[in-house]
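# Analysis of the macromolecular model
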Amino acid sequence: MEHRQRIEEQLKKQFDEKIRSVTTDLGDIVIQVQKESVAEVLGFLKHKPQDYSMLLDLTCVDNKGKKPRFEMVYHIFSLSKNHRLRIKCRVPEQDLKVESLCSLWKNANWLEREVYDMFGIQFSGHPDLRRLFMYHGFEGYPLRKDYPLRKRQPKIRLRK
Amino acid sequence: MTTRLQKEARKESLMINMGPSHPAMHGTIRIMLELDGEKVRNSEVEVGYLHRGFEKTCENKTYFNLLPYTDRLNYVSPLINNVGYVMTLEKLMDVTVPERAQYIRVIMSELSRISDHLTALAAMTMECGAFTVFLYYIKAREEIWKVIEKTTGARMTTSYIRIGGVRCDLHPDFKKDVDRAMKVTRDVLKDVKGLLDKNKIWIDRTRDVAVVSPDMAVNYGFTGPCLRASGVKYDVRKARPYLIYDKLDWVVPLGENGDNFDRYMVRMKEMEQSLRMVEQCIEQIPEAVPEAKGEINPHEAIKAARTQKPDEEIRLSPNLKGSEKEKYPTILSDKYGVKVPPKEDTYTTMEGLIQHFKFFMKGHGIRPPKGEVYFSVEGGSGELGYYIVSDGSDRPYRLHLRGPCFHIVSALEEMIKGHYIADVIPTFGSTNMIGGELDR
């Protein structure tokens, strides 16, 4: 609880209304951030004295039918404090651009390529935004809720 | 399509494809290399050959049904994957697990970790030409898998750890069997140490090859033995202890340079720590419920249930030893609706049958509350995290896996840069890339 207050104070002081909310969910601190400032907030948290130096995970959730539709989820970890944070930002369907984290963390490169591959989120500032798991020429974004489970797109056409 | 590497390459360089099907690539992965003589100038790693839509599949399966899929992520340590998934769900649903089941989970996790490290090192050493060592390692792994098979009923795809506990109790001779397996493993580790630790060829091949500095390791999100080889002390079991890891006495081995040799050394030392942990668990584990006698087959049980007297119990022979009704309180949580009801009840009582149907019927079964949760355990090659979003239905709205080797393999391009082509393979081996977990 104390930890949460400290982080909330720091962030509110630095970013004011760019931070939408700070809550606790099942023992994890969840910070909702405005989309435009997500890289800025993560950069602030990465460096000392906050020292959340490790990007544990980066993924996306498709809340189809809700507005805004997508939600980016970042998990960052501080080795010195042994503490984990979850940062979230909402991404509307009309504007799928999110700032890339490649300049902060090197593993963001592949993680963002994966999210681009699976959800079609565009990361601005990414050096090499291509599909990671699917092949070049694959149509659609498989992890979106409107992509059918059994849809097949074989690279070589199947024999009838 | 021209790749990034082709665009960046110099005209006079030699371009070589390693993989996707290459005898030294354990798993299908393609490494494109730009060579200057035998030196790697630049490279590009292409993954996704084993992508089978794990996350998409899980989002269309019930929480109980998707458990076997988690076995197939890291197929040399499936039990840790089970533990990770199951504990994430337990955190979301607030389930407490009986103490004996917690000990069993730790024993199984540690045995899996040993088999994982043995496999990783076996591949790595073999690729450097140490075929004897490979055979020794595989011999030890075989002994461990025998123990796992006897308890869980399967060697690799076990699905043994269940929501709320474990599938069944340890088999009666477990202590004897595991002692034997541990003795063989200890002997193998001793032999391998004698063969490799001061072996000039081995040291020349691995020392100062693919050095990863602590900063680089953290920046790439390394976890597990690869991070600790660089000298960063982070182990999920120590940092945020789960199950009963805080009751055990063990240390986190660390490396110094972060080269291939350190990654080998850290894994060797970790196996010793894991063996220590298993020993302590066997000392501390609470007593099991004694074996019951006089069991009958399911079809006989159904017949007997028709003329059953109210105070009479019908004993059913379980399809896996140790999963009898009497054992349930010590191996599975008493929370209603998270576990499959005992087979004795299903076959012989009306309520049991209804419970059974309710558990497996579409739209019923395990329905965690709305919310989202992230939980991680220490897997064979690092922090194995699950992120689950639940919308209150019987299947996950979103399930995301943080595979440890994903982050490590993404650093491979930088690790092999400037080294000889012969070093690519052992470096790749030292990352312990597992296709199932990387490509999902």
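What counts and how
- Residues numbered from 1 in each chain as written.
- Chains lettered and ligands numbered in written order.
- Predicted model: local features only at pLDDT ≥ 70, side-chain atom pairs only at ≥ 80, totals over all residues.
- Heavy atoms only, no water.
- Pairing = 2+ DSSP bridges.
- Helix = DSSP H or I, 4+ residues; strand = E, 2+ residues; numbered from the N terminus.
- Axes fitted to C-alpha atoms, helices over the stretch in contact; angles between N-to-C directions.
- Contact = heavy atoms within 4.5 Å.
- Core = buried A, V, L, I, M, F, W, Y, C linked by side-chain atoms within 4.5 Å.
- Buried < 20%, exposed > 50% of the residue type's maximum accessible area, 1.4 Å probe, protein only.
- Phe/Tyr/Trp six-rings, centres within 6.5 Å; stacked < 30°, edge-to-face > 60°.
- Lys NZ or Arg CZ within 6 Å of the ring centre and 35° of its normal.
- Salt bridge = Lys/Arg side-chain N within 4 Å of Asp/Glu carboxyl O.
- Domains from an automatic or database assignment.
- Disulfide = S-S within 2.5 Å.
- Parallel < 35°, antiparallel > 145°, perpendicular 65-115°, else oblique.
- Left-handed = near helix turned anticlockwise from the far one by under 90°.
- Nonpolar A, V, L, I, M, F, W, Y, C, P; charged D, E, K, R; others polar.

Residue and element names in this part refer to chain B. The three strands lie next to each other as β6-β7-β8, forming an open sheet whose pairing is antiparallel. For this open sheet the edge positions go to β6 (371-379) and β8 (398-402), each flanked by a neighbour on one side alone. Shown here is a sheet whose adjacent strand axes are inclined to one another by a mean of 10°, direction ignored. Pairing geometry for strand β7 (residues 382-390) and β8, over five bridges, is antiparallel. Within the sheet, the bridge partner assigned to tyrosine 386 lies in β8 and is leucine 401. Strands β6, β7 and β8 of the sheet are contacted by helix α4 (residues 78-93), whose axis makes an angle of about 150° with β6.

The subject of this paragraph is the nonpolar core. Of all hydrophobic cores here, the largest spans 116 residues; its most connected members are B:Tyr85, B:Leu111, B:Tyr137, B:Tyr160, B:Phe174, B:Phe222 and B:Tyr264. Core analysis: the second largest hydrophobic core is formed by 66 residues, A:Ile7, A:Val38, A:Phe70 and A:Ile121 among them.

Inspection of the entire model under this criterion finds 17 aromatic pairs over all chains. Summarising the aromatic geometry, the rings of B:Tyr242 and B:Phe375 are spaced 6.2 Å apart at their centres and angled 80° between planes, so their arrangement reads as edge-to-face. Of this pair, B:Tyr242 sits in the loop between α11 (236-239) and α12 (260-284) while B:Phe375 is found in strand β6, placing the two residues 133 residues apart along the sequence. Accessibility expressed as a relative area gives 15% for B:Phe375, which makes it buried. In this structure an aromatic cluster arises from ring pairing among A:Trp110, A:Phe133 and B:Phe406. Here the guanidinium or amino end of B:Arg440 rests over the ring plane of B:Phe406, the centre of that ring lying 5.3 Å away.

What follows concerns the pattern of salt bridges. Within this structure, the stated rule accounts for 45 salt bridges over all chains. Of the charged contacts, one joins B:Asp187 and B:Lys183 as a salt bridge, the two residues approaching to 3.1 Å between their closest N and O atoms. A residue pair is termed a helical-turn pair when its members lie 3 or 4 positions apart in one helix, as B:Asp187 and B:Lys183 do in helix α7 (residues 174-196) at four residues. One salt bridge connects B:Lys193 with B:Glu272, and the closest N-O pair in it is separated by 2.6 Å. Linking B:Lys193 in helix α7 with B:Glu272 in helix α12, this pair joins segments that are 79 residues apart in sequence. Judged by its relative accessible area of 29%, B:Glu272 falls in the partly exposed class. Members of the salt-bridge network, linked through shared partners, are A:Asp28, A:Glu71, A:Arg84, A:Arg86, A:Lys88, A:Arg90, B:Lys91 and B:Glu372.

Before going further, it helps to examine the domain arrangement of chain B. Assigned domains of chain B: these are domain 1 (4-46) and domain 2 (69-353). Placing a centre on the C-alpha atoms of domain 1 of chain B and another on those of domain 2 of chain B gives a separation of 37 Å.

A complete count under the given rule lists zero disulfides over all chains for this structure. Its sulfur unpaired, A:Cys89 is 8.7 Å from the next cysteine sulfur, which belongs to A:Cys60. Look at A:Cys89 and you get buried, because its relative accessible area is 0%. The cysteine B:Cys128 is free of any disulfide, with B:Cys226 supplying the nearest cysteine sulfur at 15 Å.

Residues and elements named next belong to chain A. One way to put it is that helix α1 (residues 2-15) packs onto helix α2 (residues 38-46) with a least axis distance of 12 Å and a crossing angle of 130°. One finds that α1 runs oblique with respect to α2. Two packed elements cross with a definite hand, and for α1 against α2 that hand is right-handed. Packed against α1, whose contacting residues are Leu11, Gln14 and Phe15, the element α2 presents Glu40, Val41, Phe44 and Leu45 at the interface.

Let's shift gears to the pairing of strand β3 (residues 54-62) of chain A. All names here are of chain A. Along β3, nine of the nine residues are buried, which leaves the element largely enclosed by surrounding structure. The sheet contact formed by β3 and strand β4 (residues 70-78) spans eight bridges and is antiparallel. Counterpart to leucine 58 in the pairing with β4 is tyrosine 74.

Take the packing of α12(B) against helix α19 (residues 421-430) of chain B next. Residues and elements named next belong to chain B. Their axes nearest at 10 Å, the elements α12 and α19 cross at an angle of 35°. Crossing angle aside, the handedness with which α12 passes α19 is left-handed. Two secondary-structure elements touch here, α12 through Asn260, Arg263 and Arg267 and α19 through Pro426, Thr427 and Ser430. When the residues that make up the contact of α12 with α19 are grouped by side-chain class, the tally is one nonpolar, three polar and two charged.

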